[in-house]
Amino acid sequence: MKKRVLSFVLAVAMLSGFLLGTGGLRLSAFAANDITIKLHYHRPDGKYDNWSTWFWTDQGTAHPFEEENGEMVATYHLKPGATQVGYIVRLGEWEAKDVEEDQFIDLAGVLGGTVHVYVESGVKGHRIEYGSDVVKGTVIVGSRYDGKLKIAVKLSGPPEKEPTTQTFTVRGADGECAIESIKAVSNYYYLTLREPLAADRSYKIIFENREYTIEMPDYYASADFEKENTYTGSDLGATYTKDQTALRVWAPTAKAVTVNLYTDGDPAKQDKPVEQVAMTKDVNGTWVATLEGDKNGTYYTYLVDLDGTVNEACDPYARTTGVNGHRAMILDLAATNPSGWDSDKDPNAGKNFTDAIIYELHIRDLSSDASSGIKNTGKFLGLIETGTTNANGNPTGLDHIKDLGITHLHILPAYDFGSVDETKLDQPQFNWGYDPVNYNVPEGSYSTDPYNGAVRVSEMKQMVKGLHDNGISVIMDVVYNHVQDSGRFCFNQIVPGYFSRPGSNGSGCGNDTASERAMVSKYIVDSVKYWADEYHVDGFRFDLVGLIDTETINTVMTEVHKTHPNVVFYGEGWSMNTTPTKPGYTMTTQQNASKVPGFAFFNDTIRDMLKGSVFDQSTGFVSGASGKEFDLKQCFLGQPNWCRTPLQTINYASCHDNNTLFDRIVLSTPNASRDDQIRMNNLAAAIYLTSQGVPFIHAGEEILRSKPLGDGTFEHNSYSRPDAVNSIKWDTLSDAQYQDVYNYYKGLIAFRKAHSALRMTDADMVSEGITPVNGTPANVVAFNIQGGINGDTAADGMFVVFNANKNEAEIKLPEGNWNIYINGEKAGTEVLGSVSGTATVDPISALVLVKEAAPAGAESASAEKGSPNWGLWLGIGAAVIAAAAITAVVIYKKKSK
């Protein structure tokens, strides 16, 4: 994942060694005029189309450039009190940034007026000029309570008068808190209170008639808080029966909680509840209520009183919701089960993870192009339509996927996300969905009726069963590392700030999930288990799992495997800068792979080795780069430098992020012929589909998927691009060139399935069974695979060669007769020819040979550029001699009569 949703960064005035976590505290009461920022932007090329400025203090917003007095200016209004404002000058919807780093405007002491900021394209930093209307003064830029009796306060500058205990006022929900004394050190003031503040409450400090929030110690991270408020039960959310519904919500800091009941899930249609039910405080920070009668189809929210602030929030454990996920809905889950659901199961259960062939797909991409022939465009049900074809009669959709031979379908986010407005599905909208709103609810835009909470549940289950019935396991893409908007996320509305790490933004999406906190960890575990239990999901791909702690991931796997031992787990194990709220936790990164046995990681080593780094336009092994032999050997063995077992490496050349494989090849090899570029594509596929580990295919890669923008460029980050860019173009299958590539992929998959020697599960077995061949030419890598290894009775031996050169390569073979199953043109389980002694490998191609007990009967003329097939000729000679001997015996017997 890259920056797919808007980057919300807490604008902080970090006080080194003073303020930890948050800073840049905002005013909530104002006594001065608004501040207006005018950002003047200059581009030497004069091209300002589609450029804008993204400003933020907490939440970010885009502001276009408009001409003012011959200059291009973006205008941003804010209330006084913020000590700095962040900005990014960006192109379109994050297609590019003018400067990669976040930039900040210092507003310390500015109480109102116009601040002019001058930015030169491509240059870090800016120049500031204050307008004649600017009012300046001394403000609090940070205040922090030490958990005992002291509050440290920093001012933006020296005050007009020396502060006294009367200068500042500290106030909580129960009134003012007495200040005993004050001590000044430069611009810092240390207030000593008469009584300690309550650790679970919020407080304000007032200075010069302006109010600021005091930063409190992390009460949630304390041992006392977790001991008193960690709930271990399995009944959070709504537990439904026809006679009554039991509700339980975790809200340990609430003064009171009320349930609002609605007949409609759309706030625009019904703004007031039809009934309110007070909840009762129960064990470990939970609140409970019982609703009598059959409440199936009733919508509800929680009204949470937090020290005088009252928030209305959706249930974090909601089973389903109304439109756009604002209100939870009580649901009879059993009534949503499709026919045969009780006997539904994973069609690939009992197999090893390395037997899987994963196909990554966005639900909408499959059906949004008119050439798909699919009626339920962009819906769960569209994935299971059969009999669909393009205009030429080529299978599309599910029939295409099934024919390709994949075993597992990885579906991009299908939980409820926020970037598509479910009330406007008649308008063009698209998003990958990496902006979670309700983790346990299917996305409404993928259902045929987003207003009825039961429909999305029923149709997602139908999709899962339909895929299972066609032999395909289902993997969900889950995004527990961040939420769309941490401030408005329901969990944080109920327990403020608990779900997110204060001030941490390793995700690049404005917030990081505090998985190390007990009830966040429980929530993630419960959520994954729920999808496996209720929806029969067979696997989980964790987005940016490097932000989630290893303890949580291990607990997820342990709990799910108790009842679903077949479920697979993998994710993005990149190392990122995040700030856990408690010490002693390790994150689930590639480098910590040994700490999460059973969890696999995307292998960016093989990805970048094949096609070049995703961060530039360099070439890779298949596209002409030299010096990649070592990485190829390690990856083929399933042993990149961070991994020691094939079960933990996901081998791929492309995924939804970055350019498609073919687009990347075209961009990095502008002088290559199209035929050579296709050979590069096929060589990449041959490498990762024969390597040890788990192969992963980006949907459409097998038909040279492309995302052109119409100006000669290609989209590399299509998270919010329209269907015209993202859809799979099924009509390309009418072209023989595309059909050939499809058949090549199909053949590679069939060959992998036929040979367990390519699907080992143990590093020791790999070391024993595969020997890299020494002495090959530059840019040529070969492997000799032992016969019968990993129970591969179909082969007495296997010999694999990858030639990335633009000319043929001669390779000496081990003794024996070798049948050709994969070459530069074809792949599969049919013998293409046979060879012995020496093999000639075509330019930019793979050659895979199998030694078998007996020749498979292929014509020797099919052997491409191989040495004479002496084995076949010897067999023919033996047959001739045997026939002559039989004839002689017959003649002898006749003469003897």
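Everything numeric in this text was worked out from a predicted model, so none of it was measured.

*Asks:* Before we move on, can you summarise helix 9 (residues 629-636) with the specific residues and values?
*Replies:* Of all the residues in helix 9, the buried ones are Glu 629, Leu 632, Cys 635 and Phe 636. Projected onto a plane normal to the axis of helix 9, the buried residues spread over an arc of 135° and lie on a single side. In this fold, the buried residues of helix 9 make contact with helix 8 (604-611), helix 11 (674-690), strand 40 (770-772), strand 41 (780-786) and strand 42 (797-803). Following helix 9 by one or two positions, Gly 638 has its phi on the positive side, about 70°.

*Asks:* Quick one: what's the story with the sheet that holds strand 13 (residues 140-145), residue by residue and with numbers?
*Replies:* Taken together, the four strands give an open sheet; going across it, the order is 13-14-18-17, and neighbouring strands pair in antiparallel fashion. Looking along the sheet, the strands with just one partner apiece sit at the ends: strand 13 and strand 17 (179-185). If you compare each strand with its neighbour and ignore which way they point, the axes differ by 20° on average. The pairing of strand 13 with strand 14 (residues 150-155) spans five bridges and is antiparallel.

*Asks:* Which residues make up the side chain of Lys 707, and what values do they have?
*Replies:* With respect to the helices, strands and loops of the structure, Lys 707 is situated in the loop between strand 39 (694-698) and helix 12 (723-726). One buried charged side chain, Lys 707, makes no salt bridge at all; its nearest oppositely charged neighbour is Asp 365, positioned 5.5 Å away. At 2.8 Å, the side chain of Lys 707 and the side chain of Ser 718 are in polar contact.

*Asks:* Account for the pairing of strand 10 (residues 110-120), naming residues and giving values.
*Replies:* The element strand 10 is extensively covered by neighbouring structure, given that eight of its 11 residues are classed as buried. Relative to strand 10, strand 2 (residues 35-42) runs parallel, the two sharing eight bridges. From the neighbouring strand, Lys 38 faces strand 10, where its bridge partner is His 116. Pairing of strand 10 with strand 11 (residues 127-130), which is carried by four bridges, proceeds in the antiparallel orientation. Within the sheet, the bridge partner assigned to His 116 lies in strand 11 and is Glu 129.

*Asks:* So what's going on with the packing of helix 3 (residues 397-404) against helix 13 (residues 736-754)? Which residues, and what values?
*Replies:* The contact between helix 3 and helix 13 brings their axes to 9 Å, and the two run at 50°. Between helix 3 and helix 13, the crossing angle belongs to the class labelled oblique. Contacts between helix 3 and helix 13 involve His 400, Asp 403 and Leu 404 from the first element and Tyr 742, Tyr 745, Lys 746 and Ile 749 from the second. Per-class residue counts for the contact of helix 3 with helix 13 are four nonpolar, one polar and two charged.

*Asks:* So what's going on with the state of the cysteines? Residues and values would help.
*Replies:* Scanning the entire structure with this criterion turns up zero disulfides. Cys 314 takes part in no disulfide bond, and the closest cysteine sulfur to it belongs to Cys 490, at a distance of 5.5 Å. For Cys 490, a relative accessible area of 6% gives the class buried.

*Asks:* Before we move on, could you go through the environment of Val 141 and cite the residues and values that matter?
*Replies:* As for its placement among the helices and strands, Val 141 is situated in strand 13. Of the residues examined, Val 141 reaches a relative accessible area of 5% and is grouped as buried. With 16 residues separating them in the primary sequence, Val 141 and Gly 157 have C-alpha atoms 9.5 Å apart.

About the criteria used
Residues numbered from 1 in each chain as written. Predicted model: local features only at pLDDT ≥ 70, side-chain atom pairs only at ≥ 80, totals over all residues. Heavy atoms only, no water. Buried < 20%, exposed > 50% of the residue type's maximum accessible area, 1.4 Å probe, protein only. Helix = DSSP H or I, 4+ residues; strand = E, 2+ residues; numbered from the N terminus. Arc of directions from axis to C-beta. Contact = heavy atoms within 4.5 Å. Pairing = 2+ DSSP bridges. Axes fitted to C-alpha atoms, helices over the stretch in contact; angles between N-to-C directions. Lys, Arg positive; Asp, Glu negative; His and termini not counted. Salt bridge = Lys/Arg side-chain N within 4 Å of Asp/Glu carboxyl O. Polar contact = N/O pair within 3.5 Å; in protein donor to acceptor, adjacent residues only side chain to side chain. Parallel < 35°, antiparallel > 145°, perpendicular 65-115°, else oblique. Nonpolar A, V, L, I, M, F, W, Y, C, P; charged D, E, K, R; others polar. Disulfide = S-S within 2.5 Å.

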